[in-house]
Amino acid sequence: AGGALESEALASRSVSDALKLMRQKGLKKEALAGRMRDERPPQKEVEHWADRMYAGVVPEKLKKEIEIQRLDEFGRPMTTKEAWRKLNHNFHGKKPGARKVEKRKRQFEEEMRLKKLNAGEIAIEQMDKVAKLQERTGTAHMVLSGGASSSIITAASHIMRN
């Protein structure tokens with residue numbers, strides 16, 4: 001009792017249902033739209049002349065490892081993001097803002113300062129200053145907190161700076 005009608009999709013609900021009904025009845029043919037190559041069967045991959053020349057085996061001496069490394073104005077390697085920004089600024093004829101330029105300059109100077117000061121050298125300098133302070137104060141310890149002995153801390157910090 002009405003089995004044929006129940007199996008068909010109803011087209012009254014939405015456009016999607018109407019299109020589905022048209023496809024079921026063969027009223028709408030699926031055609032690829034857009035690019036010309038959509039309708040063509042996929043072509044075989046074109047071989048490179050070097051593949052034919054070496055028949056898939058390339059001698060080790062001919063293989064080359066290529067690594068593109070972009071450097072900033074200070075000679076440091078740039079990250080992908082930094083390289084993209086530089087390329088983008090050059091392409092659009094713009095320059096980074098004054099604050100960004102100043103920030104990069106400060107970062108470079110800080111990095112150079114840290115390279116010059118080796119961690120071992122800093123520790124040795126500090127230990128020498130502590131030894132000098134201990135000799136001047138005549139104690140084997142240093143007071144690090146305030147309170148009644150804040151004058152000792154002031155003297156210690158003055159000695160440490162010199």
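Shown above is the structure to which this text applies.
Everything quoted here is computed from the prediction, not taken from an experiment. (Residues numbered from 1 in each chain as written. Predicted model: local features only at pLDDT ≥ 70, side-chain atom pairs only at ≥ 80, totals over all residues. Heavy atoms only, no water.)

## Quick word on the layout of surface pockets
Then, in step 1: Taken as a whole, the largest pocket holds about 510 Å³ of empty space.
Then, in step 2: Lining the largest pocket are 16 residues, and of these E82, R85, H89, P96 and R104 sit closest to its centre.
Then, in step 3: For the lining of the largest pocket, the element with the most residues is helix α4 (residues 80–92), which contributes six residues.
Then, in step 4: Its residues placed into classes, the lining of the largest pocket shows three nonpolar, three polar and 10 charged. (1 Å grid on protein atoms, 1.4 Å probe; cavity = no way out; pocket = protein on both sides within 12 Å on 5 of 7 lines; lining within 4 Å. Points joined across faces, edges and corners; volume = space filled by probe spheres on them. Helix = DSSP H or I, 4+ residues; strand = E, 2+ residues; numbered from the N terminus. Nonpolar A, V, L, I, M, F, W, Y, C, P; charged D, E, K, R; others polar.)

## Structural notes on the pattern of salt bridges
Two side chains with opposite charge may pair up if their charged atoms get near one another.
Then, in step 1: For the structure on display, the rule yields six salt bridges.
Then, in step 2: R104 serves as the salt-bridge partner of E73, at 3.7 Å between the closest nitrogen and oxygen. You can see E73 sitting in the loop between α3 (49–54) and α4 and its partner R104 sitting in helix α5 (residues 98–116), a full 31 residues away along the chain.
Then, in step 3: Looking at E73, the relative accessible area reads 53%, which means it is exposed.
Then, in step 4: Note that R76 is salt-bridged to E111, the shortest N-O span being 3.1 Å. In this pair, R76 is assigned in the loop between α3 and α4 and E111 in helix α5, connecting sequence segments 35 residues apart.
Then, in step 5: Here R76 falls in the buried class, since its relative accessible area comes to 15%.
Then, in step 6: Put simply, D72, E73, R76, E82, R104 and E111 are held in one network by salt bridges that share partners. (Salt bridge = Lys/Arg side-chain N within 4 Å of Asp/Glu carboxyl O. Buried < 20%, exposed > 50% of the residue type's maximum accessible area, 1.4 Å probe, protein only.)

Read these as geometric descriptors, not functional statements.
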